Amino acid sequence: MCALKSTSLMDLNMRGLVVSLLCFLFSVATKFNCCTGHSLKALCNEEEREALLSFKTGVHDPSNRLSSWVSEECCNWEGVLCHNTTGHVLRLNLRWDVYQRASSLGGNISSSLLHLKHLRYMDLSCNDFGSLNIPKFFGFLSNLRYLNLSSAGFGGVIPHQLGNLSKLHYLDIGNCQYYIHRNSLNVEDLEWISGLPFLEYLDMTTVNLSKTSNLLQVMNKLHSLSVLRLSNCELLAIDSLRHVNFSNLLILDLSWNHLISSSFDWFADLSSLTTLNLADNTIHGQIPYGLRNMSSLIFLDLSYNKFASSLPDWLFHMTTLEHLYAISNMFQGKLPNNIGNLSSITYLDLSDNALEGDILRSLGNLCAFQLSKISHRSQGKSLEFLNLGGNKLSGSFPDTLGECKILEYLNLGENRLSGHLPNELGQLNSLSSLYIHRNSFSGKIPISLGRISTLSRLNIRENFFKGILSEKHLANLTSLKELDASSNLQLTMQASSNWTPPFQLTGLDLGSCLLGPQFPAWLQTQKNLYDLNMSYAGISDVIPAWFWTRTYQTIDLSHNQIIGSIPSLHFPRIHLGSNNFTDPQPQISSDVVELDLSDNLFRGSLSPMLCRQRTNKEVNLLNSLDVSGNLLSGELPNCWMYWRELTVLKLGNNNLTGHIPSSMASLIWLGSLHLRNNHLSGNFPLPLKNCSSLMVLDLSENELTGSIPEWIGNFIGKITETFLEVGRILYTASLMVLVLHSNKFNGSIPVELCHLNSLQILDLGNNNLSGTIPRCFGNYSRMIKRSNSTSPFPFHDPYYITFGSTDEATLVMKGVEYEYHKSLGLLAGIDLSSNNLSGGIPEEFTSLHGLIFFNLSHNHLQGKIPVKIGDMKSLESLDLSMNRLSGVIPQGMATIAFLSHLNLSYNNLSGQIPSGTQLRGFSPFSFIGNPELCGAPLTDDCGEDGKPKAPIPDNDGEDDSGWIDMKWFYLGMPWGFAVGVWAIFAPLALKRAWRHAYFQFLDEMKYKLLGWCS
């Protein structure tokens, strides 16, 4: 028995030995500790460690991100991951995040990385390698599965050697949207991509593919591809294939290219596609028909193209769609009634098109379906975002929208909707943004609107709401941040002086609503208000002192009857024009960017406001200053060197005198200068020679003398800044508007004015100019083609134009003085009237096809009217009167369809007035003073020779008829005198109040005359 025990013990010992041996061998092979159960991590490969250190040597690392790359164990270094068993480097992740405090990497990339033969993952994205070419040796890292070089500052041609990475699954050489560092890559031949058979993800965003011709053929070889991003690749077209093998493709992004054709036959084979982005191209015609086969589509963006068809019915049978965007196209026709079939839709944006029809019928089904899903507790999606703004939809507000219980954003603005708002609007208890502006809604605003406690943005501007917007409407709007009820002329906002609103607004626009006469006291409770507009609000109060202590960004209190004075101003944008503010003039903080004090009652010199001593470090940001239409007097201050950032300066309609001060030469960025209707004197202001950025110059109605200088032709714009990395150049345009009307300028018109190629309005009328008209005026490029822009003139970079800034000019057109503001960009005209110009009208003028008004009247011009004047098809006003023009009226003048004002009177024109309703519709006064002219509308008929018929003499009754005419004249004189006297004194006899006022006036005049005589 002992022997048996001994044998058993031996067996047990042998078994233990075998187990221990196996455990040892296994632990050696797997680096696994049988005793502790923990992994024994392999040491880093020495060759690969040296390769990484060599890479670090070439890299520029300003913030020492690679500080950990010093220890012996490279597998513990930042961004490095090794294999647990072999110790080989598998991953190198050096991506830079914009939120990291550390800086991005740069410099050179060492070829020592080739020693990382087991590298599977490399990410160098979002660094800045300074337009370095992508290293060709990357194509020999044969084990790579993942390569991300996006937004890393690489440039040049993408090396075809990347096609050797036959195991690659993920390749990103595009650009991230929000990162500063950008790749500037291009490709001429994409054939190398066909060597990546396992590629599943390809992003080439912003890579220039404009020279490629085989895009689709190459991509068709990538049967594993599931994501393809080719956004902003300068694609003009995509080679056509009738069928493609993209059975695994889920995401396709072709946005931000220049694609035109809507022929995408190969779309029909993309049945697995879930995301398609075609936004920001110029695709014409209809939506590609192949889309109807995309039965799995979830996201579709067709925005910012030129689709001009109606929305196809099949689009609204795509029941998987959750996001549909078709913003800013030219879709037309009725909004389909089957829009309710989009059973999974959560985001629907069809804004800024030309869709029409009754909105009630279209949206009724949509929200009814949403309600049914909620009532059945369906797990499907529900509508959260709906934007139909900027169309031509009609009808009343759909009360069925109240059934969209989780709707958060609703925009029906800029349509043709009418009627009253329904009470059901208050059922949208998840709504955060409501835009119904620029419609024709009327009636009272329902109290139920105030139940939407989630509402943060409410815009009802430019409708016909009336009645009272009271505290009850706003009592429960605890989340409200922005309120715009402006331009509802019959809407009154009433609130008690002690009302405390439940919200804290950031933006409030109640312009053209009745708020006054008192200043709204409840505004004192709004601590976060930044943008405030209460213009045209009927306020005739004094602004309380607390108002000026706030930190608004923009305030507009213009066009009221506000009284009192203004303390120092520190808000960036201030509009206080057209009120009754009085002195003292306010002090302007250096933070003010835009200031409008026009049409108030400020008096005296501008020096107290502008010439306060400034510190050397204080930089005034004032960009726009308007103090026109006040009672300012004295000379212009000579302290403009403090206001070097000015681009707009309006001082017109005051009583300013003297010369233009020398310090105005400091305003090198000045784009618009208005000094009209003052009493400025002296020669043409020499300091303006340095203001080479001027685009609008109005010196009219002053007392300026001398000649127009030649250097004014140098206002041709200049480059202000160059950004080579984005290919962008900022520059100022040349002079576009020059108005010198009603001064005392003399001499000839300088031919240097012809250098101003951008000149759109030239008004030199009512001066003493002489000589001939320069023929080169016919070269003004902006007058050759009619403008279709109503935008403000673009001072410097349009990104710096402040909100609401427009330019203006006072011009004589059609014989009447007009003020042009927002429409100034549409005008093109020349006025040289009331001078002493001689010679003929240059034939070159007829090439100015975009000219709208043309006035050469009251000069000494001779010769004929240019034969091709009929080519000036845009002319609306033509005045050649009071000259010495001769010859016939060109037949082409009768074809100028827009001509509504014509004056050819008092010349030496002859012959028959051209036939046609255009000219014969004018008054005879348009042609009088031309004895040799005949035909309608003149009473003188034309003979066969084209001259006026001579009157038939009546010698027999000549003396009698003359006597009869004179007799009637003398008989009528007393009757006319009696009627005239009775017309004056009859009201005085009948109206007692008028009689007393009249004789009181006479008494006052009598005493004044006696006072003067004494």
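Calculation criteria
Residues numbered from 1 in each chain as written. Predicted model: local features only at pLDDT ≥ 70, side-chain atom pairs only at ≥ 80, totals over all residues. Heavy atoms only, no water. Helix = DSSP H or I, 4+ residues; strand = E, 2+ residues; numbered from the N terminus. Buried < 20%, exposed > 50% of the residue type's maximum accessible area, 1.4 Å probe, protein only. Contact = heavy atoms within 4.5 Å. Areas by Shrake-Rupley, 256 points an atom, 1.4 Å probe, with all protein chains shown as cover. Phe/Tyr/Trp six-rings, centres within 6.5 Å; stacked < 30°, edge-to-face > 60°. Lys NZ or Arg CZ within 6 Å of the ring centre and 35° of its normal. Expected span 1.5 Å × (residues − 1). Arc of directions from axis to C-beta. Polar contact = N/O pair within 3.5 Å; in protein donor to acceptor, adjacent residues only side chain to side chain. Salt bridge = Lys/Arg side-chain N within 4 Å of Asp/Glu carboxyl O. Core = buried A, V, L, I, M, F, W, Y, C linked by side-chain atoms within 4.5 Å. Disulfide = S-S within 2.5 Å. Pairing = 2+ DSSP bridges. Axes fitted to C-alpha atoms, helices over the stretch in contact; angles between N-to-C directions.

Colleague: Report on the overall build of the chain, specifying residues and quantitative values.
Modeller: Counting its secondary structure elements, the chain contains 10 helices and 64 strands. Put simply, the chain has 1014 residues, and 49% of those count as buried. Look at the contacts in the chain between residues 6 or more apart in sequence, and 55% of them connect residues 24 or more apart. Just so you have it, the chain exposes about 47600 Å², and 54% of that area is on carbon and sulfur atoms.

Colleague: Tell me about the environment of Lys949, and please be specific about residues and values.
Modeller: Position of Lys949 relative to the elements: it lies in the loop between β64 (932–934) and α9 (958–990). Judged by relative accessible area, Lys949 falls into the exposed class, the value being 56%. A C-alpha to C-alpha distance of 8.4 Å links Lys949 and Cys934, two positions 15 residues apart in sequence. For Lys949, the residues in contact, after removing those within four places along its chain, are Asp941, Cys942 and Gly943.

Colleague: Give me the lowdown on the side chain of Ser125, citing residues and values where you can.
Modeller: Relative to the elements of secondary structure, Ser125 occurs in the loop between β5 (121–123) and β6 (132–133). Filtering out sequence-adjacent residues up to four positions away, Ser125 remains in contact with Leu94, Arg95, Trp96, Asn148, Leu149, Ser150, Ser151 and Ala152.

Colleague: Kindly report on the packing of aromatic side chains, identifying the contributing residues and their values.
Modeller: By convention here, two paired aromatic rings are described through the distance between centres and the angle between planes. Across all of its chains, the model carries 34 aromatic pairs by this definition. Considering the side-chain rings of Trp69 and Trp77, the 5.2 Å spacing of their centres and the 20° angle between planes classify their relative orientation as stacked. Of the two residues examined, Trp69 and Trp77, each falls in the buried class. Pairing Trp546 with Phe547 gives two aromatic rings, centres 6.0 Å apart and planes at 70°, and the pair type is edge-to-face. On the basis of relative accessible area, Phe547 is assigned to the buried category, the value being 0%. Each member of the aromatic cluster is reached from another via a ring pair, and the members are Phe519, Trp546, Phe547, Trp548, Tyr552 and Phe571. Just above the ring of Tyr121 sits the side chain of Arg91; from NZ or CZ to the centre is 3.7 Å.

Colleague: Go over helix α2 (residues 46–58), please, and point to the residues and values.
Modeller: Over its 13 residues, α2 extends 19 Å from the first C-alpha to the last, a length consistent with the 18 Å expected when each residue adds 1.5 Å. All buried positions along α2 are accounted for by Glu48, Arg49, Ala51, Leu52 and Phe55. Along the axis of α2, the buried positions cluster into a sector of 160°, meaning they face one direction only. Capping the start of α2, Asn45 holds a side-chain oxygen 2.9 Å from the backbone nitrogen of Glu47, two or three residues further along.

Colleague: Explain the pattern of salt bridges to me, and be specific about the residues and the numbers.
Modeller: Going through the model one piece at a time under the given rule, you end up with 12 salt bridges. The salt bridge partner of Glu462 is Arg438, with a shortest N-O separation of 3.2 Å. Placement of the pair is Glu462 in the loop between β28 (457–459) and β29 (464–469) and Arg438 in the loop between β26 (433–435) and β27 (440–443), with a sequence separation of 24 residues. One salt bridge in this structure joins Arg461 and Asp484, with 3.1 Å as the shortest N-O distance. With a gap of 23 residues between them, Arg461 in the loop between β28 and β29 and Asp484 in strand β30 (residues 482–484) connect regions that are remote in the sequence. Residue class for Arg461 comes out partly exposed when judged on its relative accessible area of 23%. Accessibility expressed as a relative area gives 11% for Asp484, which makes it buried. In this structure, a network of salt bridges that share partners links the residues Glu414, Arg438, Arg461, Glu462, Asp484 and Asp509.

Colleague: Now, about unusual backbone geometry: what can you tell me, with residues and values included?
Modeller: Following Gly516, the chain continues to Pro517 via a peptide bond in cis, the omega torsion being 10°. Mapped onto the elements of the fold, Pro517 is located in the loop between β32 (507–509) and β33 (531–533). The omega angle of the peptide bond from Ala936 to Pro937 is 10°, so this bond is cis rather than trans. Note on placement: Pro937 falls in the loop between β64 and α9. The phi torsion at Ser487 lies on the positive side, around 60°, for a residue other than glycine. Inspection of the secondary structure assignment puts Ser487 in the loop between β30 and β31 (490–493). Phi is positive for Ser742, which is not a glycine, with a value near 60°. Inspection of the secondary structure puts Ser742 in the loop between β50 (737–739) and β51 (744–748).

Colleague: Tell me about the nonpolar core, and please be specific about residues and values.
Modeller: Judged by nonpolar contacts, the single largest core of 249 residues is most densely connected at Phe138, Met204, Trp266 and Phe547. Where this core is concerned, the elements lending two or more residues are α2, β2 (80–82), β3 (89–93), α3 (215–219), α4 (359–375), β29, β31 and α6 (607–610). Considering every element that reaches this core, the biggest residue donor is α3, with 4 residues. Other than its neighbours up to four places away in sequence, Met204 contacts Ile158, Ile173, Gly174, Val187, Leu190, Ile193, Leu209, Arg229, Leu230, Ser231 and Cys233. Listed in part, the 13 residues of the second largest apolar core include Met695, Val739, Leu827 and Ile852.

Colleague: Break down the state of the cysteines for me, citing the residues and quoting the values.
Modeller: Scanning the model with the defined rule gives 5 disulfides in all. A sulfur-sulfur separation of 2.0 Å characterises the disulfide bridge that pairs Cys44 with Cys74. With the S-S bond torsion at 105°, the cross-link from Cys44 to Cys74 turns out right-handed. With Cys44 in the loop between α1 (2–30) and α2 and Cys74 in the loop between β1 (59–60) and β2, this residue pair connects regions lying 30 residues apart in the sequence. For Cys44, a relative accessible area of 11% translates into the label buried. One disulfide bridge connects Cys611 with Cys639, the sulfur atoms lying 1.9 Å from each other.

Colleague: Give a detailed account of the sheet that holds strand β23 (residues 392–396), specifying residues and quantitative values.
Modeller: Strand order in the open sheet formed by 7 strands is β19-β21-β23-β25-β27-β29-β31, and the pairing between neighbours is parallel. In the strand order of this sheet, the two ends are held by β19 (332–334) and β31, each with one partner. Looking at each pair of strands side by side, their axes are set apart by 20° on average, direction ignored. As defined by bridge partners, strand β25 (residues 416–419) adjoins β27 across 2 bridges and the pair is classed as parallel. Residue Gly419 lies in a different strand from β27, and its bridge partner there is Phe441.

Colleague: Could you give an account of the sheet that holds strand β10 (residues 184–186), with specific residues and numbers?
Modeller: What the 3 strands build is an open sheet, ordered β6-β8-β10; its pairing is parallel. A strand with exactly one partner marks an edge of an open sheet, and here the two such strands are β6 and β10. Where β6 and strand β8 (residues 154–157) come together, 2 bridges link them in parallel fashion. Residue pairing in the sheet places Leu132 in a bridge with Phe154 of β8.

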